[in-house]
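Next come the chains, spelled out residue by residue.
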Amino acid sequence: MRDIMGIMKQAQAMQEKMASLQSELDHVEVAGSSGGGAVAVRMTAKGQLKGITLDPSLMNPDEREILEDLIVAAVNDARAKAEATAQEKMAELTKGLPLPPGMKLPF
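- The name an unreviewed UniProt entry assigns to the chain is Nucleoid-associated protein LKMONMHP_3482, from the organism Methylobacterium organophilum.
- Recorded under Sequence similarities (unreviewed entry), the UniProt text for the chain is reproduced unchanged: "Belongs to the YbaB/EbfC family."

### Observations regarding the side chain of T85
Item 1. Mapped onto the elements, T85 comes out in helix α2 (residues 64–94).
Item 2. You can call T85 buried: its relative accessible area is 19%.
Item 3. Not counting the four nearest positions on each side in its chain, T85 is found in contact with V28, V30 and A45.

### Observations regarding the pairing of strand β1 (residues 29–34)
Item 1. Residue alternation in β1 divides its side chains into a buried set, V30, G32 and S34, and an unburied set, E29, A31 and S33.
Item 2. Two elements, β1 and strand β2 (residues 39–44), share six bridges in a ladder whose sense is antiparallel. Its bridge partner being in β2, V30 is matched across the sheet by M43.

### Let's talk about the UniProt feature "coiled-coil region" (unreviewed entry) in the chain
Item 1. Mapped onto this structure's residue numbering, the UniProt feature "coiled-coil region" (unreviewed entry) falls at residues 4–31.
Item 2. Spanning residues 4–31, this segment combines 79% helix with 11% strand, and its end C-alpha atoms are found 43 Å apart.

### Regarding the nonpolar core
Item 1. Grouped together as the largest cluster of nonpolar side chains are 12 residues: V30, A38, V39, V41, M43, L58, L67, L70, A74, V75, A78 and A82.
Item 2. Here this core takes six residues from α2, the largest share from any one element.
Item 3. Within the second largest apolar cluster, nine residues are counted, among which are M14, L21, V28 and L93.

### Remarks on the pattern of salt bridges
Item 1. For the structure shown, the criterion picks out five salt bridges.
Item 2. A salt bridge links D77 to K81; the shortest N-O distance between them is 3.5 Å. With a gap of four residues between them, D77 and K81 both fall in helix α2, about one helical turn apart.
Item 3. On the basis of relative accessible area, D77 is assigned to the partly exposed category, the value being 24%.

Definitions and limits used
Residues numbered from 1 in each chain as written. Predicted model: local features only at pLDDT ≥ 70, side-chain atom pairs only at ≥ 80, totals over all residues. Heavy atoms only, no water. UniProt positions renumbered as here; feature names shortened; annotations may be inferred. Helix = DSSP H or I, 4+ residues; strand = E, 2+ residues; numbered from the N terminus. Buried < 20%, exposed > 50% of the residue type's maximum accessible area, 1.4 Å probe, protein only. Contact = heavy atoms within 4.5 Å. Pairing = 2+ DSSP bridges. Core = buried A, V, L, I, M, F, W, Y, C linked by side-chain atoms within 4.5 Å. Salt bridge = Lys/Arg side-chain N within 4 Å of Asp/Glu carboxyl O.

In structure tokens, the structure reads:
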């Protein structure tokens, strides 16, 4: 019976740490870029877009499609970094738990 109580306490502590981590991820910012830094994007580790910076040389109406593609690439770069950051933080949280390989939290 002691083992079940210990597991319950661990689960409760994990829930508290998970809530804390989710809150922390709202404040962690990552940056993505494309076009050699001509387009830069900032977003939270949870994927909320915070800002876009464009090099003025990209403001040519004839090259609108290029600018659009660079923005998409920069957002995707930032999103990939956000996901990697979130996974890294989650790995720190679950370190030492007997979870099967590939299991993602939260469920």
